[in-house]
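# An overview of the molecular structure
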Amino acid sequence: MSWIDFRLPLAACVCLLGTAASAQTLSIYGHLNTSIERTSSAGTHSLGLHSNYSTLGLQGQEDLGAGLSAGFVLESVLESDTGAVDGGFFSSQSEVNLSGPWGKLRLGHMSAPSYYAIADVVSTHNYDGGNSADALYASVANNSNRISYSTPEAGDLHVEVGTSLHEKTASPARNAWDLAVNYEHGPWTAGLGYSDWGPARQAALRLGYAFSEHWRVLGYHQYSRGWDHANEAVDTSAPGRRTTRLAVVYSQGPHEWHTNLAYAGRAGGQAATQAYQWTVMYNHHLSRRTKVYAFATQVRNAAQARYFTGDAGVGIRSVGIGLRQFF
């Protein structure tokens with residue numbers, strides 16, 4: 001059979017497959033965010049290339065008719081400086097979902113919705129990744145074995161509630177619960193997040209206001225207890241503490257200036273357990289998907305605080321330039 005004869009049945013097969021799958025869409029998405037940084041911590045200085053939570057994902061959607069649709073998301077975290085996959089394939093997200101006029105049901109492994117209602121919104125400067133990521137927010141959550149329901153995305157109010165089943169393997173051996181409330185009306189935005197996993201708790205409130213098309217202010221206040229920030233795990237001995245973060249954004253055309261300040265108070269009133277974090281960043285958007293940026297950031301721990309570094313009294317400083325592209 002000649003090559004021309006072979007192409008004809010092959011093309012016919014492709015057309016048939018395309019027709020059969022016309023009700024389902026499949027797309028590849030993600031972003032690469034790589035920076036050159038000079039980092040200082042505990043008297044040690046280094047110059048290197050850093051990946052800032054770069055991702056690669058697959059998502060699909062199938063129209064089932066009668067207003068119903070089914071979908072899935074598979075997402076991996078990439079180390080853009082080495083090409084390695086961080087934590088294994090699809091360790092960031094792996095879910096199947098069903099949605100309709102009644103809302104959306106999600107099953108699988110995914111980040112807590114309360115995080116996206118609070119910390120993710122306020123960390124506007126760099127996708128909450130890398131050395132400038134929010135080091136003080138208590139992300140109390142078991143991301144695996146999650147069942148989540150969200151209300152229809154209509155109007156000013158959107159609510160998502162869910163649980164993570166412990167399956168007698170997670171520690172603590174109790175189901176985790178999570179609630180996220182998002183509200184937008186005119187120049188105002190607000191969010192409420194609550195998480196409960198055994199002895200660990202967190203509750204946070206977010207507010208934002210756009211003074212004009214150029215100026216925005218966002219902030220959150222959180223109370224948490226029973227959470228080990230250094231290891232992202234439940235710690236029954238961790239006392240309660242409060243964290244406040246404020247972000248100011250000025251944008252004009254392709255230019256954006258960000259200032260982000262945060263303070264974690266004394267844990268349980270204990271001396272020398274407070275911490276500060278600040279970041280200043282300039283973003284220049286080359287397109288809707290691509291930006292170059294420059295920033296400086298610091299986490300400063302008191303003598304008994306271990307945020308970000310995991311070592312008591314040791315902080316981190318970093319300055320750098322970077323390039324980020326979504327696809």
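Everything numeric in this text was worked out from a predicted model, so none of it was measured.

### Observations concerning the nonpolar core
Within soluble globular proteins, side chains that are nonpolar tend to cluster in buried spots. Among the nonpolar cores identified, the biggest contains twelve residues, and these are Tyr115, Ala117, Ile118, Ala119, Val122, Tyr137, Ala180, Ala204, Leu218, Tyr220, Ala247 and Val249. Contributing elements (two or more residues each) for this core: helix 2 (113-117), helix 3 (119-122), strand 13 (215-225) and strand 16 (241-252). Core analysis: the next-biggest nonpolar cluster, separate from the first, contains nine residues, Ala135, Ala262, Ala305 and Tyr307 among them.

### Some thoughts on the packing of aromatic side chains
Scanning the model with the defined rule gives eleven aromatic pairs in all. Judged by centre distance (5.8 Å) and plane angle (80°), the ring pair of Tyr137 and Tyr220 falls under edge-to-face. Taken together, the residues Tyr137 in the loop between helix 3 and strand 8 (146-150) and Tyr220 in strand 13 connect sequence positions 83 residues apart. As far as the burial class goes, Tyr137 and Tyr220 line up, both buried. Among the aromatic residues, ring-to-ring pairing joins Tyr115, Tyr116, Tyr137 and Tyr220 into one connected group.

### Concerning the side chain of Gln93
If you trace the backbone, Gln93 turns up in strand 6 (residues 93-100). Given a relative accessible area of 15%, Gln93 falls into the buried group. Of note is the side chain of Gln93, whose polar atom sits 2.8 Å from the side chain of Glu95. Those residues in contact with Gln93, other than ones at most four positions away along the chain, are Val73, Leu74, Glu75, Arg106, His109 and Met110.

How each quantity is defined
Residues numbered from 1 in each chain as written. Predicted model: local features only at pLDDT ≥ 70, side-chain atom pairs only at ≥ 80, totals over all residues. Heavy atoms only, no water. Core = buried A, V, L, I, M, F, W, Y, C linked by side-chain atoms within 4.5 Å. Buried < 20%, exposed > 50% of the residue type's maximum accessible area, 1.4 Å probe, protein only. Helix = DSSP H or I, 4+ residues; strand = E, 2+ residues; numbered from the N terminus. Phe/Tyr/Trp six-rings, centres within 6.5 Å; stacked < 30°, edge-to-face > 60°. Polar contact = N/O pair within 3.5 Å; in protein donor to acceptor, adjacent residues only side chain to side chain. Contact = heavy atoms within 4.5 Å.

By themselves, these observations are geometric and do not establish any function.
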